[in-house]
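Structure at a glance
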Amino acid sequence: MTDKIVVFTTCDSKKSADKLARHLVKQRVAACVNVLPKARSIYRWKEKVEEASEWMLIIKSRRDLFAALRAEIEKLHTYEVPELIALPIVDGSESYLAWFDAQLTTKAE
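Residues numbered from 1 in each chain as written. Predicted model: local features only at pLDDT ≥ 70, side-chain atom pairs only at ≥ 80, totals over all residues. Heavy atoms only, no water.

1. Digging into the overall build of the protein chain
Our working definition: Only DSSP runs of H or I reaching four residues or more are called helices, and only runs of E reaching two or more are called strands; each is numbered from the N terminus. The size measure is the radius of gyration over C-alpha atoms, and the globule rule it meets is 2.2 Å times the number of residues to the 0.38 power. Here's how the labels work: a residue is buried when its accessible area is under 20% of the maximum for its type, exposed when over 50%, partly exposed in between, all with a 1.4 Å probe on protein chains only. Here, residues are in contact when the closest pair of their heavy atoms is within 4.5 Å.
Per the secondary structure count, the protein chain includes three helices and four strands. Listing the helices and strands of the protein chain from first to last along the sequence gives β-α-β-β-α-β-α. Taken against the 2.2 N^0.38 rule, which gives 13 Å for 109 residues, the C-alpha radius of gyration of the protein chain at 14 Å falls within 12% of a compact globule. Along the longest, intermediate and shortest principal axes, the C-alpha atoms of the protein chain span 45 × 25 × 20 Å. Each of the 109 residues in the protein chain was classed as buried or not, and the buried ones make up 38%. Across the protein chain, every contact between residues at least 6 apart in sequence was considered, and the portion connecting residues at least 24 apart equals 74%.

In structure tokens form, the structure reads like this:
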């Protein structure tokens, strides 16, 4: 098991997704963010079943940075309740994980 995580969130527009992705990388709480268009989400919100076209963000970070990452997402996100799910990275390429770690801040805030 590594100390690395993959975090998922979604945004309502390309502009919001790009802004959030760039901010997270600039703040060094994310090594990389993939922005995937045209995710179709079906969910219950305020007692109604809703459907939306969204942009999925796949964020690579480290477990000790999750609180700072969450704070940055909550600060900039346009949703009242943004999706924020973290999954562990069990293993990976040593060279990729070393690059990954070098892109992140050296200590948790």
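Back to the text.
2. Remarks on the nonpolar core
Condition: Put simply, a nonpolar core is a bunch of buried Ala, Val, Leu, Ile, Met, Phe, Trp, Tyr and Cys residues held in one set by side-chain atoms that sit within 4.5 Å of each other.
If you look at the biggest cluster of nonpolar residues, it comprises 17 residues, and the most contacted ones within it are L24, L57, I59 and L69. In this structure L69 touches V7, L24, V29, I59 and S61, once residues within four positions along its chain are discounted. In this structure, A31, I58, I89 and L104 belong to the second largest nonpolar core, which totals eight residues.

3. A closer look at the layout of surface pockets
It is a probe the size of a water molecule, rolled over the atoms, that shows where empty space is left. Inclusion rule: For cavity detection a 1 Å grid was placed over the protein atoms alone, and a set of points counts as a cavity when a 1.4 Å probe fits there but cannot get out; an open set counts as a pocket when protein lies on both sides within 12 Å along at least five of seven lines, with lining residues being those that have an atom within 4 Å of a point. Grid points are joined across faces, edges and corners, and a volume is the space filled by probe spheres set on the points. Residues are sorted three ways: Asp, Glu, Lys and Arg are charged, Ala, Val, Leu, Ile, Met, Phe, Trp, Tyr, Cys and Pro are nonpolar, and all the rest, Gly among them, are polar.
Counted as a void, the largest pocket has a volume near 240 Å³. Elements represented by at least two residues in the lining of the largest pocket include exactly β2 (32-45) and β3 (48-62). When residues of the lining of the largest pocket are assigned to their parent elements, the largest contribution, three residues, is made by β2. Tallied by class, the residues present in the lining of the largest pocket amount to six nonpolar, two polar and three charged.

4. Overview of the pairing of strand β1 (residues 4-11)
Operational definition: A strand pair is defined by DSSP finding two or more bridges across the two strands.
Taking burial as the measure, the eight residues of β1 include seven buried ones, the bulk of the element. Pairing geometry for β1 and β3, over eight bridges, is antiparallel. What sits directly across from I5, in β3, is S61. The pairing of β1 with strand β4 (residues 85-88) spans four bridges and is classified as antiparallel. If you follow I5 over to β4, its bridge partner there is P88.

5. Some points on the pairing of β3
Here 12 bridges tie β2 to β3, and the two strands are oriented antiparallel to one another. Of the residues in β3, the one forming a bridge with S41 is A52. Here β2 folds back onto β3 in antiparallel fashion, the turn holding two residues, of which K46 has a positive phi close to 50°.

6. Structural notes on the sheet that holds β1
Going by this rule: With axes taken as lines fitted to C-alpha atoms, and helix axes fitted only over the stretch in contact, angles between N-to-C directions fall between 0 and 180 degrees.
Strand order in this open sheet of four strands is β2-β3-β1-β4, and the pairing throughout is antiparallel. Edge positions in the sheet fall to β2 and β4, since each has one partner strand and no second. Each adjacent strand pair in this sheet contributes to an overall mean axis angle of 30°, direction not counted.

7. Re the pattern of salt bridges
Filter applied, for reference: Any Lys or Arg side-chain nitrogen found within 4 Å of a carboxyl oxygen on Asp or Glu counts as a salt bridge.
Applying the stated criterion to the full structure yields eight salt bridges. In this structure, K4 and D3 form a salt bridge, with 2.7 Å as the shortest nitrogen-oxygen distance. Bridged by salt links that share partners, the residues D3, K4, R62, D64 and D101 form one connected network.

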